[in-house]
Amino acid sequence: MSSEEQRIAYADQGWCLAPRTLGQDALAKVRSSVRAIAATERPEVVYEEGTRTVRALHGCHRYDEVCAELVRHPVLLDLAEALIGGPVYLYQFKVNIKSPRQGRKWPWHQDYAFWAHEDGMPEPDAVNIALHLDEVHESNGPLTVLTGSHTLGLVTTGGTARGRDWQDHVSARLTHTIPEDEIPALTAKFPPRSLLGPAGTVAAFHPSIVHSSTDNTSADRRAVLLLTYNSVTNTPTRLTRPAFLVDPDSTPVRRLANALT
Ligand code: SIN
Ligand code: MN
């Protein structure tokens, strides 16, 4: 698929699979960094509520060199720039680790609801690039997007009030969710699609696409690394959340040295 066809698919569906996957060596390095970071105690490491099971890692590019280099990897950066149509910087870096049988869901939501209401991001002119660190299959809690729902703009959510604190943006009890009773009408109009694939798969999804994922009911871990690249012309108007959730450094990624190989 040419990058023009890629842009058309993304504009139409609100998501697309990348033409390339991440190589085995780079993948092994990232998995090893993720394992090491998950074993540390720091605010960036978030646990499933009431447990010591790691749910997510945040802002890893700020303190781990492999993760910093991953942000500049051409498989990810070329796709982000092609879909945004210009220079980008890294807005958010997270790894959502769904542990076997313990990883909890992400309720239905739109990412742009958080970025608009919490951070004052002017436009949904950013893109999420998801990198599978494990095989993602139907039973380990795949990310499920409603194809075409990004065209709705922001749908009714828990309101525009800001969350109590950032913990409400990273737990299974999210703020800015879409009420469950609105989901059947949305799924009737916008077909759900689970983003499946082996480790190394790369996919993009739009800030306004409606998405969720279920609990991991399987014996397999489902770790997905999510990079949000934002247009350099779309910086947020409020920087009130921790830097590991919203990076205040808007230097274009292209200008940074050393990509992961
Ligand atoms: C997930 O990791 O399944 C959900 C990620 C997200 O909502 O951005
Ligand atoms: Mn999301």
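In what follows, the structure referred to is the one given above.
Please read these numbers as outputs of a predicted model, since none were measured by experiment.

This part covers the coordination of the manganese ion (ligand 2). Note on the manganese ion (ligand 2): its protein donors are His 109 (NE2), Asp 111 (OD) and His 211 (NE2). The metal-donor distances range over 2.1 to 2.2 Å. Ordering the donors of the manganese ion (ligand 2) by residue number gives the pattern H-x1-D-x99-H. When sorted by exposure, His 109 lands in the same class as Asp 111, which is buried.

For the rest of this paragraph, the subject is the pattern of salt bridges. Following the criterion strictly, the structure yields 12 salt bridges and no others. Between Asp 78 and Arg 20 there is a salt bridge, and its shortest N-O distance comes to 3.3 Å. Pair noted here: Asp 78 is in helix α4 (residues 74-84) and Arg 20 is in the loop between β1 (15-17) and α2 (24-38), with a separation of 58 residues, a long-range link. For Arg 42, the salt bridge identified is with Glu 44, shortest N-O distance 3.1 Å. Take Glu 44: its relative accessible area is 12%, and that puts it in the buried class.

Neighbouring ligand 1 are the residues Lys 94, Asn 96, Trp 106, His 109, Asp 111, Leu 143, His 211, Ser 213, Arg 222 and Leu 226. Here an oxygen atom of ligand 1 sits 2.8 Å away from a polar atom, N or O, in the side chain of Asn 96. Between His 109 and ligand 1, the recorded distance is 3.0 Å, taken from a side-chain N or O atom to an oxygen atom. Elements supplying a minimum of two residues to the shell around ligand 1: β4 (88-98), β5 (106-109), β10 (211-213) and β11 (222-231).

For the structure shown, the criterion picks out one aromatic pair. Each ring, one from Tyr 91 and one from Trp 115, has its centre 5.5 Å from the other, and the planes form 75 degrees; the classification is edge-to-face. Pair noted here: Tyr 91 is in strand β4 and Trp 115 is in helix α5 (residues 111-119), with a separation of 24 residues, a long-range link. The side chain of Arg 42 reaches across the aromatic face of Tyr 63, ending 3.6 Å from its centre. In this arrangement the basic side chain of Arg 52 is found over the ring face of Tyr 47, its NZ or CZ atom lying 4.2 Å from the centre.

The rules we used
- All chains use their own residue numbering, which begins from 1 and follows the written sequence.
- Here chains are named by letter from A upward and ligands by number from 1 upward, in the order in which they appear as written.
- Local features in a predicted model are, by the rule used here, given only for residues with pLDDT of at least 70; side-chain atom pairs are given and counted only at 80 or more, and totals for whole chains, interfaces and linings are based on all residues.
- Just so you know, side-chain values use all the structure's heavy atoms and leave hydrogens and water out.
- Note on donors: an N, O or S atom is included if it sits within 2.8 Å of the metal, or within 3.2 Å for Na, K and Ca, and water is never included, so sites can look incomplete.
- When a residue's accessible area, from a 1.4 Å probe over protein chains only, is under 20% of the maximum for its type it is buried; when over 50% it is exposed; and in between it is partly exposed.
- Basic side-chain nitrogens of Lys or Arg form a salt bridge, by our definition, when they fall within 4 Å of a carboxyl oxygen of Asp or Glu.
- Each helix corresponds to a stretch of at least 4 residues labelled H or I by DSSP, and each strand to a stretch of at least 2 residues labelled E; elements are numbered beginning at the N terminus.
- Nearness here has a simple test: a residue counts as near a molecule or strand if at least one of its heavy atoms is within 4 Å of that partner.
- For the purposes of these results, a polar contact is taken to be a pair of N or O atoms within 3.5 Å, where, inside protein, one atom must be able to donate a hydrogen and its partner to accept one; residues adjacent in sequence count only when each atom of the pair is a side-chain atom.
- The pairing test for Phe, Tyr and Trp rings, Trp by its six-membered ring, is centres within 6.5 Å, and the orientation test on the planes gives stacked under 30 degrees, edge-to-face over 60, and tilted for anything in between.
- Criterion for a charge above a ring: Lys NZ or Arg CZ within 6 Å of the ring centre, and within 35 degrees of the ring normal.

On their own, these measurements won't tell you what the molecule is for.
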